[in-house]
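Architecture and fold: a report
Here is what each chain is made of, one letter per residue.
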Amino acid sequence: MNKLVKSIKEAIQLAGLKDGMTVSFHHHLRNGDYVLNMVMDEIAGLGIRDLTVNASSLFDVHLPLIDHIKNKVVTSVAADYIAAGLGKAFSIGIMDNPVQFRTHGGRPSDIAQGKTPIDVAFIAAPSADVMGNCSGKYGKSACGSLGYAFADAMYAKKVVVITDNLMPYPMEGWSISEDYIDYVVEVDAIGDPKGIVSGTTKITRDPVGLVMASHAAKVIEASGLLKDGFSFQTGAGGASLAAAKFLKDIMLEKNIKGSFGLGGITGYMVDMLKAGCFRSLLDVQCFDLDAVESIKNDPRHQEISAMQYASPTSRSAAVDSLDVVILGATEIDTDFNINVHTDSNGYIMGGSGGHSDTAAGAKLSMIIAPMFRARLPIVTDKVTCISTPGKDIDVLVTQGGIAVNPNKVELRQRLADAGLPVVDIMELKEKTERITGRPDRLPKGDRVVAEVISRYGDIQDKIYNVVE
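Calculation criteria
- Residues numbered from 1 in each chain as written.
- Predicted model: local features only at pLDDT ≥ 70, side-chain atom pairs only at ≥ 80, totals over all residues.
- Heavy atoms only, no water.
- Helix = DSSP H or I, 4+ residues; strand = E, 2+ residues; numbered from the N terminus.
- Rg over C-alpha atoms; globule rule 2.2 N^0.38 Å.
- Buried < 20%, exposed > 50% of the residue type's maximum accessible area, 1.4 Å probe, protein only.
- Contact = heavy atoms within 4.5 Å.
- Areas by Shrake-Rupley, 256 points an atom, 1.4 Å probe, with all protein chains shown as cover.
- Phe/Tyr/Trp six-rings, centres within 6.5 Å; stacked < 30°, edge-to-face > 60°.
- Lys NZ or Arg CZ within 6 Å of the ring centre and 35° of its normal.
- Pairing = 2+ DSSP bridges.
- Axes fitted to C-alpha atoms, helices over the stretch in contact; angles between N-to-C directions.
- Parallel < 35°, antiparallel > 145°, perpendicular 65-115°, else oblique.
- Left-handed = near helix turned anticlockwise from the far one by under 90°.
- Nonpolar A, V, L, I, M, F, W, Y, C, P; charged D, E, K, R; others polar.
- Core = buried A, V, L, I, M, F, W, Y, C linked by side-chain atoms within 4.5 Å.
- Salt bridge = Lys/Arg side-chain N within 4 Å of Asp/Glu carboxyl O.

In terms of helices and strands, the protein chain carries 15 helices and 26 strands. Here the C-alpha radius of gyration of the protein chain, 22 Å, is about what a compact globule of 468 residues would show, namely 23 Å. Along the three orthogonal principal directions, the C-alpha set of the protein chain runs to about 70 × 55 × 35 Å. Counting every position in the protein chain, which comprises 468 residues, the buried fraction comes to 59%. Intrachain contacts of the protein chain at a sequence separation of at least 6 include 72% that bridge at least 24 residues. Put simply, the protein chain shows about 18,200 Å² of open surface, and 49% of that area lies on carbon and sulfur atoms.

Now the structure itself:
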């Protein structure tokens, strides 16, 4: 006996997919993913309509989804992040129903609680056996961790594994086990390795970025949190990686032994592990080839599910043990609310991902952002969309100064005592506007094109159509 079927079409039919149901996908193959498009083309060919697509994230490789929306094959979309190409289509109102944005912790929480039931989950697996044991660590399409696919596998009514590397049963070192899997399909390719992970994720060489990164590392040092047992998460942006590099130097100089690095893992975090800065890495997705190689070979580099990463309704989540997280922003307002969903023109080009999850859990949540981009100030009176509420943000680091949330009196004093350039956020806003001028508020349409759902399940904000 095995679960191998001849084609994606046959798997869809066997799974019993019908009009009005929900299908799900994970995003570990990122902009190299072939699976979502292959599956949706087969679904359309079968004449199935009125579906909800629940994807942990959508990238511009998924632009063919627009045609399925126009043809009413897809009528609802839920995601944690949507890239700019698709985001523009949603922003001008291509779909009647608003997109539902969740966080990386909120999505698995809602799936597990039955709030967003999945009828058929399609798991792109870089390696699998005929019974459905699967992993992202091996094969020509290796992506590393499959952390965002665990909830889909565990709670969907039917689960289909799609792989381009069929291994003898039982495969070694699986991530998701066969007891969750109904069908297995072998295809020629599940993705383009060039789009799955970048070969290198680079530290910024921009002088402004380096100033911000240096300040960020010094904020962490002055906060009182940088001591043995320290835990840390940072993103894959150039300034964030530079901050990790400066932090590594401080930790090595002071012989500080941290407990774990968390989140989407890069080669720089792997370097910190190898250097002894951390005992472990907890990895929900790999951002580059060094991270993929590390999770395959180093037992200290551990794969975790999105539930263990950030779910607010799990028995515990790693974000709640996090000391410091470094995050980005497209806008921050004077109440420290953060926007990472839209660009300066109001078009959808991102999403919270783990932003608000980690900000809520970490003892110190820090934003690194320049004072302005394309002559538009980063600090505004009111953000276009609240992605992360200001109560969860502690510090904004820019090249023009460091603004501290007024609720963090002790932290502000610590940073001032360390000689760091602490400024009031209103002062920072005025300083920036003397350079850029004060931009007009964007006109807002009257149609809701997206709902931003907090990690706790309530509607936190709404995104309206762009008036072109």
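Having seen the model, we can carry on.
So, about the packing of aromatic side chains. For the coordinates displayed, the defined rule picks out 4 aromatic pairs. Plain terms: the ring middles of F59 and Y81 are 5.6 Å apart, the flat faces sit at 40 degrees to each other, and that makes the pair tilted. Note that F59 is positioned in the loop between β3 (51-55) and α3 (65-70) and Y81 in the loop between β4 (74-79) and α4 (84-91), a separation of 22 residues in sequence. For F59, a relative accessible area of 14% puts it in the buried group. Look at Y81 and you get partly exposed, because its relative accessible area is 27%. Between F230 and F232, the aromatic rings sit 5.9 Å apart at their centres with planes inclined by 25 degrees, giving stacked as the arrangement. Grouped by ring-pair contacts, the aromatic residues F230, F232 and F278 constitute a single cluster. Cation over ring: K88 sits above Y347, and NZ or CZ is 5.4 Å from the ring centre.

The next point concerns helix α2 (residues 35-45). Those residues of α2 not exposed but buried are V35, L36, N37, V39, M40 and I43. Following α2 by one or two positions, G47 has its phi on the positive side, about 80 degrees.

Burial of strand β9 (residues 158-163) is extensive: 5 of the 6 residues sit out of reach of the surface. Note: strand β6 (residues 120-125) against β9, 6 bridges, orientation parallel. Its bridge partner being in β9, I123 is matched across the sheet by V161. Inspection of the sheet shows β9 paired to strand β10 (residues 183-186) by 4 bridges, in the parallel sense. Bridge pairing in β10 places T163 opposite E186.

Attention now goes to the sheet that holds β10. The 10 strands are arranged β1-β10-β9-β6-β2-β3-β4-β5-β25-β26 in an open sheet whose pairing can be described as mixed. Both edges of this open sheet fall to β1 (4-5) and β26 (459-466), since each of them pairs with a single strand only. Contacting β1, β6, β9 and β10, helix α1 (residues 8-15) runs over the sheet at an angle of about 165 degrees to β10.

To continue, consider the packing of helix α8 (residues 207-222) against helix α9 (residues 238-254). In contact at an axis separation of 8 Å, α8 and α9 are set at 45 degrees when each is read in the N-to-C sense. In terms of their interaxial angle, α8 and α9 are classed as oblique. Between α8 and α9 lies a crossing whose hand is right-handed. Listed contacts from α9 to G209, L210, A213, S214, A216, A217, I220 and E221 of α8 are A239, A242, A243, F246, L247, I250 and K254. When its residues are assigned to classes, the contact of α8 with α9 shows 11 nonpolar, 2 polar and 2 charged.

Membership of the largest hydrophobic core comes to 115 residues, with the highest contact counts inside it found for M40, I43, I162, F232 and M366. Counting residues in each nonpolar core, the second largest holds 33 residues, with F260, V284, Y309 and A359 among its members.

One way to put it is that α1 packs onto α2 with a least axis distance of 9 Å and a crossing angle of 65 degrees. Relative to α2, α1 is oriented so that their crossing is right-handed. Residues I8, K9 and I12 of α1 touch α2, and the partners they reach there are M38, V39, E42 and I43.

On to the pattern of salt bridges, then. Under the defined criterion, the tally for this structure stands at 16 salt bridges. R102 is the partner of D110 in a salt bridge, and the nearest nitrogen-oxygen pair spans 2.6 Å. Here E293 and K296 are joined by a salt bridge, their closest N and O atoms 3.7 Å apart. In this pair, E293 and K296 both sit in helix α11 (residues 289-297), 3 residues apart, roughly one turn of the helix.

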